[in-house]
There are 2 protein chains.
Amino acid sequence: MSDHLPSTARKPGLTSSAPSVVAAELDPPTPRKRKAPGPRHEDKRVAILRTAAQLFADNGYEATSLDKIADQLGMHKATLYHYVSNKESILYQCLVLSFGNLDAVMSEMEDRSVPPLQRLRQFAHSLALAQNNVFGRCLVLVGSRPLDMMPGGEIRQFQRRLDETVRALIVEGIADGSIKPCHPGLVSSMLFGSLNWVPRWYQEGGKLSIEQVVDSFMDVLTSGIAAPRR
Amino acid sequence: MSDHLPSTARKPGLTSSAPSVVAAELDPPTPRKRKAPGPRHEDKRVAILRTAAQLFADNGYEATSLDKIADQLGMHKATLYHYVSNKESILYQCLVLSFGNLDAVMSEMEDRSVPPLQRLRQFAHSLALAQNNVFGRCLVLVGSRPLDMMPGGEIRQFQRRLDETVRALIVEGIADGSIKPCHPGLVSSMLFGSLNWVPRWYQEGGKLSIEQVVDSFMDVLTSGIAAPRR
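Calculation rules
Residues numbered from 1 in each chain as written. Chains lettered and ligands numbered in written order. Predicted model: local features only at pLDDT ≥ 70, side-chain atom pairs only at ≥ 80, totals over all residues. Heavy atoms only, no water. UniProt positions renumbered as here; feature names shortened; annotations may be inferred. Helix = DSSP H or I, 4+ residues; strand = E, 2+ residues; numbered from the N terminus. Least-squares fit on C-alpha atoms with pLDDT ≥ 70 in both. Contact = heavy atoms within 4.5 Å. Salt bridge = Lys/Arg side-chain N within 4 Å of Asp/Glu carboxyl O. Buried < 20%, exposed > 50% of the residue type's maximum accessible area, 1.4 Å probe, protein only. Expected span 1.5 Å × (residues − 1). 1 Å grid on protein atoms, 1.4 Å probe; cavity = no way out; pocket = protein on both sides within 12 Å on 5 of 7 lines; lining within 4 Å. Points joined across faces, edges and corners; volume = space filled by probe spheres on them. Nonpolar A, V, L, I, M, F, W, Y, C, P; charged D, E, K, R; others polar. Phe/Tyr/Trp six-rings, centres within 6.5 Å; stacked < 30°, edge-to-face > 60°. Buried area = accessible area lost by both parts, 1.4 Å probe. Polar contact = N/O pair within 3.5 Å; in protein donor to acceptor, adjacent residues only side chain to side chain. Disulfide = S-S within 2.5 Å. Axes fitted to C-alpha atoms, helices over the stretch in contact; angles between N-to-C directions. Left-handed = near helix turned anticlockwise from the far one by under 90°.

As named in an unreviewed UniProt entry, chain A is TetR family transcriptional regulator, taken from Malikia granosa.

Written as structure tokens, this is what we have:
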């Protein structure tokens, strides 16, 4: 199954900033000279992934066949195979796209000139934005379980890095006295649990923006963990 | 499909306190006199549901066939059908069992002699205990989506009541001045998101008990929403 996956996708720490860029990185030039797929090919591929991600999130991964994806796109299944090799590979690429610019965001979290609680709020905003676009919703609602048999484990590795980023901020805040003594792993679990739940109920275009939701959560979380002012 | 479901199970507000009692309620005497199934029948049925819930939670609902459930129990599939009619009905009954004693807990939340923040903590403890037993894990990890085609919607209705219970406590606390002005629905979402995430990472027998996890969460949440002391 892993043969269907382009090799660069297995590297941890994808530094992608926009879906089309990530998609391009997923299909790198091979040592043998091969005509690189043009930008139209890549656009089409991302469009396919977007439709698949929407169907996976709305109807479930198991219930979404390649036939349904092709139907939704008004495309022959044979044409679909020109862009994607199988359902696992589609899901895998959707999950990689869901990372969005989070790799860059994690780097920003190391900037110690900004107070830890403020960085934590920035992180939560970036994470929530990534989780509530079409690819992020797919990751949160479908999860990586259907790919459990795949070697590699970059999805899990990436999620672990997100968790470690939050824990590091908490540890830093406890050390500099801005955060009360607490269990960094449990605070991180609370933050991810709260945010992972949002795509299950949030309706775009409703009364609240994602920013307002995250701000409310972070108001509670940061006043809950902030050290009392001296 | 609903014909497989006993009629009392469709009533909202099951007042069950122990799995075997709930299971008995799921198979009430019919108007025509019929020999009630004996306690051994019920014990066996709950044992089947327990095994099924474990397999659903560990391997996913789609990946768990009736054959696998029968295999795991060392039972012929024909014998299994003596207790349960199909996979949807098994999942439905597991989800109903997952409610445990939460109906009674919701009633206790109306006792205004206990401060709202303290009741909120009690509620979170009861919810977490229910979510981290075998039936609760099944509800959290599988969800009720596979039953979407079933009429009734008691599972969703029950979940809505849980949410309303939390919102009511927040509204009460804002009114009596013990909770800062905040968005009750978002605080509720934060609480459920945090707790729903626990069965995905919590390992029984590890360093932390469920009580410790919930206490940490509630320390953060309640100090985050408590009104400043006057």
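After that view of the structure, there is still more to cover.
**Student:** Can you walk me through the UniProt feature "DNA-binding region" (unreviewed entry) in chain A in this structure?
**Tutor:** In the numbering used here, UniProt assigns the feature "DNA-binding region" (unreviewed entry) to residues 65–84 of chain A. Spanning residues 65–84 of chain A, this segment combines 60% helix with 0% strand, and its end C-alpha atoms are found 13 Å apart.

**Student:** Sorry if this is basic, but what is going on with the relation of the copies chain A and chain B here?
**Tutor:** Taken together, a rotation about one axis and a shift along it account for how the two chain copies relate. With an RMSD of 0.0 Å, the fit of chain A onto chain B corresponds to turning through 180 degrees and sliding 0.0 Å along the axis. As the rotation angle and translation indicate, the two copies are arranged about a two-fold axis. Rotation axis and chain A: the residue whose C-alpha lies nearest the axis is A:Gly224, separated from it by 1.9 Å. Interface residue correspondence from chain A to chain B reaches 100%, placing this contact among same-surface, isologous pairings.

**Student:** Can you help me understand the pattern of salt bridges in this one?
**Tutor:** If the charged atoms of two oppositely charged side chains come close together, the side chains can form a pair. Counted under the stated rule, the structure contains 20 salt bridges over all chains. For A:Asp67, the salt bridge identified is with A:Lys77, shortest N-O distance 3.5 Å. A residue pair is termed long-range when its members are at least 10 positions apart, and A:Asp67 in helix α3 (residues 66–73) and A:Lys77 in helix α4 (residues 77–80) qualify at 10 residues. The residue B:Arg156 makes a salt bridge to B:Asp148 at a minimum N-O spacing of 3.0 Å. Overall, B:Arg156 belongs to the partly exposed group, its relative accessible area being 41%. Several salt bridges converge on common partners, so that one network encompasses A:Arg112, A:Arg119 and A:Glu172.

**Student:** How should I be thinking about helix α10 (residues 184–201) of chain B in this particular structure?
**Tutor:** Note that an α-helix has 3.6 residues per turn; residues three or four places apart therefore point the same way. The terminal C-alpha atoms of α10(B) lie 27 Å apart, and with 18 residues this matches the ideal 26 Å at 1.5 Å per residue to within 8%. Among the 18 residues that make up α10(B), 15 are buried, leaving the element largely enclosed by the rest of the structure.

**Student:** Please explain empty space enclosed by the protein as it appears in this structure.
**Tutor:** To find leftover empty space, a probe the size of one water molecule is rolled over the atoms. This structure, assessed with the given rule, holds 3 cavities of 30 Å³ or more. The wall of the largest cavity is formed by A:Val140, A:Gly193, A:Asn196, A:Trp197, A:Arg200, B:Gly193, B:Asn196, B:Trp197 and B:Arg200. Mapped by element, the contributors of at least two residues to the lining of the largest cavity are α10 (184–201) of chain A together with α10 of chain B. Looking at side-chain class alone, the lining of the largest cavity contains 3 nonpolar, 4 polar and 2 charged residues.

**Student:** Explain the packing of aromatic side chains to me, please; I cannot follow it from the model alone.
**Tutor:** Two measures describe an aromatic ring pair: the distance that separates the ring centres and the angle between the ring planes. According to the stated counting rule, one finds 8 aromatic pairs over all chains in the structure shown. Seen in terms of ring centroids, A:Phe99 and A:Phe158 are 3.7 Å apart; in terms of plane orientation they differ by 10 degrees. Their pairing is stacked. Of this pair, A:Phe99 sits in the loop between α5 (87–98) and α6 (102–108) while A:Phe158 sits in helix α9 (residues 154–175); the two residues are 59 residues apart in sequence, bridging distant segments of the chain. By the burial criterion, A:Phe99 is buried, and A:Phe158 matches it. On the basis of an interplanar angle of 75 degrees and a centroid distance of 6.1 Å, the ring pair of B:Trp201 and B:Tyr202 is categorised as edge-to-face.

**Student:** Explanation requested: the interface of chain A and chain B in the structure shown.
**Tutor:** Quoted interface sizes are often the accessible area lost when the parts come together. Taken together, the contacts link 30 residues of chain A with 30 residues of chain B. The junction of chain A with chain B conceals about 2,200 Å² of combined surface from both sides, 66% of it contributed by carbon and sulfur atoms. Taken as a group, A:Leu186, A:Met190 and A:Val220 account for 27% of the area that chain A buries against chain B, more than any other trio of residues on that side. Joining chain A to chain B, the criterion identifies 0 salt bridges. Counting across the chain A and chain B interface gives 9 residue pairs in polar contact (both at pLDDT 80 or more). Secondary structure elements with two or more residues in the side of chain A that touches chain B: α2 (39–59), α10 and α11 (210–225) of chain A. With 11 residues, α10(A) is the largest single contributor of residues to the side of chain A that touches chain B. Split by residue class, the side of chain A that touches chain B holds 14 nonpolar, 11 polar and 5 charged.

**Student:** Is there a simple way to think about the state of the cysteines in this case?
**Tutor:** Simply put, the disulfide is a covalent bond whose two ends are the sulfur atoms of two cysteines. Residue and element names in this part refer to chain A. Using the criterion set out here, one finds 0 disulfides over all chains in the structure. Residue Cys-94 stays outside any disulfide, its sulfur separated by 4.9 Å from that of Cys-138, the closest cysteine. What makes Cys-94 buried here is its relative accessible area of 0%.

**Student:** How should I be thinking about the packing of helix α5 (residues 87–98) of chain B against helix α8 (residues 134–142) of chain B in this particular structure?
**Tutor:** Think of two packed helices as two axes; the pair is described by the angle between the axes and how far apart they sit. Residue and element names in this part refer to chain B. It is the contact of α5 with α8, at a shortest axis distance of 7 Å, that shows an interaxial angle of 115 degrees. With respect to the hand of their crossing, α5 and α8 are arranged in left-handed fashion. Along the contact surface, α5 presents Leu-91, Cys-94, Leu-95, Leu-97 and Ser-98, while α8 presents Phe-135, Gly-136, Cys-138, Leu-139 and Val-142. Taken together, the residues of the contact of α5 with α8 break down into 8 nonpolar, 2 polar and no charged.

**Student:** Looking at this structure, how should I read helix α8 (residues 134–142) of chain A?
**Tutor:** All names here are of chain A. Taken across its 9 residues, α8 has 8 buried, putting it largely inside the fold. Looking only at α8, the buried set comprises Val-134, Phe-135, Gly-136, Cys-138, Leu-139, Val-140, Leu-141 and Val-142. If you check the start of α8, you find a side-chain oxygen 3.0 Å away from the backbone N of Phe-135, and it comes from Asn-133. Positive phi shows up at Gly-143, right after α8, with a value of about 75 degrees.

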